[in-house]
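One-letter residues, chain by chain:
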Amino acid sequence: MAFRNRIFIMLLFLLISFSSEIYLFQTIANCRKNDNRKQLLSKSDFPIMVLENSLSPTARLDNKRGIIISGVYWISSYPLVAQEVNSKGNSLWPNVPYGIPISHPGEEGDATPGPPMILPKKGGGAFFAYNYWKFMGREGLAKLYFFRPVLQSVSSEGEVLWGDNGLNLTNMTVRLHGGATILGCRYDDEGNVMVFFGWIDIDSSASPNIEATYLQKVDPVTGELLLDSTGMKLMDARAWSALFSKCGNTYLFHGPWIMCVDKSGEITWHLDLMTGFPEPYAYYRAATNDNGDIFIIYENSDGIHCRIFAANGEPVLQDTLIISGELNIFFNTPVVNWNNNKWVFPIGNHIYCIDRNGNNLWGNEGVTIPDTGLTRVYDIKPVDSNHIMLIYGYYPGPGLSLKIQKINLNGSIVWDTTGIFVMEEIGPTAQLLPDSAGGAYVVIEGVSVYEPEYRPRGTYIQKVDKDGNLGFITSVDEKPKTSLPDDFSLIQNYPNPFFDNTTFIIKPALKYWGESFQIVIYNLLGKEVRRFQVKNSSSGLVQIEWDGKDQYGSDVAGGVYFYRVNSQNQFLAVRKLTYLEGF
């Protein structure tokens, strides 16, 4: 019986292979000049991939050129990668699909799994402040790490300037486990980079833990540490968050206390501003404005309360009920200032606007986002003096998708009440960045999608204009990144399914491609299995053979795979293939 089953499977395989061969010859004979995915418009509605296989993205606007984006490249050591994108969606730094690496965890167990803080340079490029996780060993099943604070510098051309893993910001170490938490970075009044970080030194055999908060200053050109090599201790407590005002103040939060550091790095006040505040302190959210006011919202038994303090720490509004009812604030609830005298934030699917006098401008119900599948609001940003935009996740079916909506100053929804669809199958991170024309950029973590076409996981960017139109506008002479060249064709691999070798056949687009292109093979989890760097050819069809082995020379498991063609960081086409293991 087993022998007959084997013969039947082999006959079926030969039939599929024969059909594939007929299709192959027909495709070569009738090679179409226009792929069915070619865009005839000068505008693409689809998000652009910026960092392939990169998750947990974060982004900052570089007002001179575009958007600087960084994320965690999802392999075992989790290196950080980055890219800058201009207003047309084009990459400004070296065109590699995964971005430029700004960290290189080198030793076994080391990693950089958290997204960095980004500080754009005034002349182009950026600084990246992050934690380097140095593996210290194990205590039982627990891994022990030293979280080392690091600053990296990247030029306007995308050149990494301060080594594989940047500058160490302190010479401190830990006894057993712990280290730094980067709180943020900004420029001081002389143009030096100031990096704020919390510190904890944990030793299970000693008590208590050692906690503090530090400031380090760095020369932006030479990388010289300008304070003590340890850094300047600001307090004997570990701050857990920071706010940065355009007035120059930095506010450090720890429990009921807030410390204010001015733009020279000097402490101007350190006050218990949350006396009588219901614990836990983690359940309050805060924002500041250009004048240095601090706006804080928090839960209480009767609803949501707020407090407002001036830049000098003096109270403007104390413990005021602004929304009544049993409501919840979460650690990721976004709060943003609008026009310097109002603050906007979501509670569930309701959006609220509070002025400096504590008045709830949109009522106790706020502005209701009517999507029944709404999960949470990812981000809210003012896009001009009369409008805000917000992005939110919702469940239309099996996966989480992203929508965008616009609200005016009077609390009216501007676009269709169901919002504008941005992207399907998203991860837990999305960010909104206003442009200078009343629109915004949306940076999104996308998960792998396999049907109807394969889309790899990674970091994507989309643009929405002030009227709700999606996509990056290109000039008449410029081809959009999602357009396929006229003379390009990706033919289905042959044979397919296969159990020994298979051949990829590509008709290159010499007019638009550089000297080479890539064929990348992925498994169903979105993990890269094999990459071929292929030299371009003017002779017509290019054929590449794959023997079913990964990049280390080991046989891959039987199953379904996807292969895609990239050229100059541009995704062109994808096909599905099946490997039959064991024949």
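This section reports on the structure supplied with the text.

Reading guide: rules and limits
Per chain, residue numbering runs from 1 following the sequence as it is written. Thresholds applied to this predicted model are a pLDDT of at least 70 for local features of residues and 80 or more for the giving and counting of side-chain atom pairs; totals over whole chains, interfaces and linings are not thresholded and use all residues. The basis for every side-chain value is the complete set of heavy atoms in the structure, and neither hydrogens nor water enter the calculation. At least two bridges found by DSSP between two strands is the condition for calling them paired. Secondary structure elements are defined from DSSP: runs of H or I of at least 4 residues count as helices, runs of E of at least 2 residues count as strands, and each element is numbered from the N terminus. For helices, the axis comes from a line fit to the C-alpha atoms of the stretch in contact; other axes are also lines fit to C-alpha atoms, and the angle between any two N-to-C directions lies between 0 and 180 degrees. Three labels apply to residues, based on accessible area from a 1.4 Å probe with only protein chains included: buried if under 20% of the type maximum, exposed if over 50%, partly exposed otherwise in between. Here a polar contact is taken to be a pair of N or O atoms separated by no more than 3.5 Å, where protein atoms must pair a possible hydrogen donor with a possible acceptor and residues adjacent in sequence count only if both atoms sit in side chains. Whether two residues are in contact is decided by their heavy atoms: any pair within 4.5 Å suffices. Here, a salt bridge means any Lys or Arg side-chain nitrogen found within 4 Å of an Asp or Glu carboxyl oxygen. Stacked, tilted and edge-to-face are the three classes assigned to paired rings of Phe, Tyr and Trp, where Trp is represented by its six-membered ring and a pair needs centres within 6.5 Å; plane angles under 30 degrees give stacked, over 60 edge-to-face, the rest tilted.

## Describing the sheet that holds strand S30 (residues 426-434)
Ordered by their spatial adjacency, four strands build an open sheet running S1-S32-S31-S30, and the pairing between neighbours is antiparallel. Here the strands that pair on one side only, and so sit at the sheet edges, are strand S1 (48-52) and S30. Here the average twist between neighbouring strands, direction ignored, is 20°.

## Points about the side chain of Lys217
Topologically, Lys217 is positioned in strand S12 (residues 210-218). With a relative accessible area of 12%, Lys217 lands in the buried category. There is a polar contact of 3.3 Å between the side chain of Lys217 and the side chain of Asp188. Within the structure, the side chain of Lys217 is placed 2.6 Å from the backbone oxygen of Ser264, a separation counted as a polar contact. In contact with Lys217, not counting residues within four places along its chain, are Asp188, Val193, Met194, Glu224, Leu225, Leu226, Leu227, Ser264 and Gly265.

## What about the pattern of salt bridges?
Throughout the structure, instances matching the rule amount to 13 salt bridges. Between Lys134 and Glu107 there is a salt bridge; the shortest N-O distance is 2.6 Å. Placement of Lys134 in strand S7 (residues 126-139) and of Glu107 in the loop between strand S5 (100-101) and strand S6 (117-120) is noted, with a sequence separation of 27 residues between them. For Lys134, a relative accessible area of 19% puts it in the buried group. Judged by its relative accessible area of 52%, Glu107 falls in the exposed class. Here the salt bridges share partners, and the residues they tie into one network are Glu107, Asp110 and Lys134.

## Side note on the pairing of strand S14 (residues 241-244)
Of the pairings in the sheet, the one linking S14 to strand S15 (residues 250-254) comprises four bridges and is antiparallel in character. When the bridges of S15 are listed, Ser241 appears paired with Phe253. Between S14 and the antiparallel strand that follows it, S15, lie five residues; Gly248 among them carries a positive phi value of about 110°.

## What to know about the packing of aromatic side chains
Tallied over the entire structure, the rule returns 25 aromatic pairs. On the basis of an interplanar angle of 45° and a centroid distance of 6.3 Å, the ring pair of Trp240 and Phe253 is categorised as tilted. Taken as a pair, Trp240 in the loop between strand S13 (232-235) and S14 and Phe253 in strand S15 lie far apart in primary sequence, 13 residues in all. Overall, the relative accessible area of 38% leaves Trp240 in the partly exposed class.

## Focus: the sheet that holds strand S29 (residues 420-423)
Within the open sheet, the four strands sit side by side as S26-S27-S28-S29. Their pairing is antiparallel. A single partner strand is all that each edge strand has here, and the edge strands are strand S26 (374-384) and S29. Shown here is a sheet whose adjacent strand axes are inclined to one another by a mean of 30°, direction ignored. Where strand S28 (residues 401-408) meets S29, three bridges bridge the pair, whose relative direction is antiparallel. Residue pairing across strands places Leu402 opposite Met423, the latter belonging to S29.

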